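So the chains spell out like this:
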Amino acid sequence: MKEKPKKVVFDPKKVTVEGSLAILALGDVGFDAWRKVKIAHNKFSSDEEQ
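Just so we're clear, the structure is a prediction, and the values are computed from it rather than from any experiment. (Residues numbered from 1 in each chain as written. Predicted model: local features only at pLDDT ≥ 70, side-chain atom pairs only at ≥ 80, totals over all residues. Heavy atoms only, no water.)

Chemist: Got a minute to help me understand the overall build of the chain in this structure?
Modeler: From N to C terminus, the chain includes two helices and zero strands. In terms of overall size, the chain is more extended than a compact globule, its C-alpha atoms giving a radius of gyration of 15 Å where 50 residues would be expected to give roughly 10 Å. Seen through its C-alpha atoms, the chain measures out along the principal axes to roughly 60 × 15 × 15 Å. For the chain, buried positions account for 8% of its 50 residues. Accessible surface for the chain amounts to roughly 4,900 Å². Of this, 59% is attributable to carbon and sulfur atoms. Looking at charge distribution, the chain has the averaged site of its 10 positive side-chain charges lying 11 Å from that of its 8 negative ones. (Helix = DSSP H or I, 4+ residues; strand = E, 2+ residues; numbered from the N terminus. Rg over C-alpha atoms; globule rule 2.2 N^0.38 Å. Buried < 20%, exposed > 50% of the residue type's maximum accessible area, 1.4 Å probe, protein only. Areas by Shrake-Rupley, 256 points an atom, 1.4 Å probe, with all protein chains shown as cover. Lys, Arg positive; Asp, Glu negative; His and termini not counted. Charge placed at Lys NZ, Arg CZ, Asp CG, Glu CD.)

Okay, here's the thing in structure tokens:
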């Protein structure tokens, strides 16, 4: 009997600031997750500089 392939679930909490093409391949969901991480990173970086 063949085993069913495991379903891969996208976890937006694991998105990095650098991102990747795989995230873009997910479309708007991946892009929105990356954008949230990027905005949070930029805010943190700007707060650190002050």
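Right, picking up where we left off after that structure.
Chemist: Help me out: how do you make sense of a nonpolar patch on the surface in this one?
Modeler: There is a patch of nonpolar side chains on the surface, built from Leu-21, Leu-24 and Phe-31 and spanning about 310 Å² of accessible area. For Phe-31, the location among the structural elements is in helix α2 (residues 28–49). (Patch = residues over 30% accessible without salt bridge, like charges linked within 9 Å, V, L, I, M, F, W, Y side chains within 5 Å. Salt bridge = Lys/Arg side-chain N within 4 Å of Asp/Glu carboxyl O.)

Chemist: Explanation requested: the packing of aromatic side chains in the structure shown.
Modeler: Each aromatic ring pair is described using two quantities: the centre-to-centre distance and the angle formed by the ring planes. Here the structure, examined in full by the defined rule, presents one aromatic pair. Considering the side-chain rings of Phe-31 and Trp-34, the 5.8 Å spacing of their centres and the 35 degrees angle between planes classify their relative orientation as tilted. With a gap of three residues between them, Phe-31 and Trp-34 both fall in helix α2, about one helical turn apart. (Phe/Tyr/Trp six-rings, centres within 6.5 Å; stacked < 30°, edge-to-face > 60°.)

Chemist: What is the right way to read the environment of Trp-34 from this model?
Modeler: Residue classification places Trp-34 among the partly exposed positions, given a relative accessible area of 24%. Spatially, the C-alpha atom of Trp-34 lies 9.1 Å from that of Ser-20, the residues being 14 residues apart in sequence. The residues touching Trp-34, leaving out its near neighbours within four places in the chain, are Val-15, Thr-16, Val-17, Glu-18, Gly-19 and Ile-23. (Contact = heavy atoms within 4.5 Å.)

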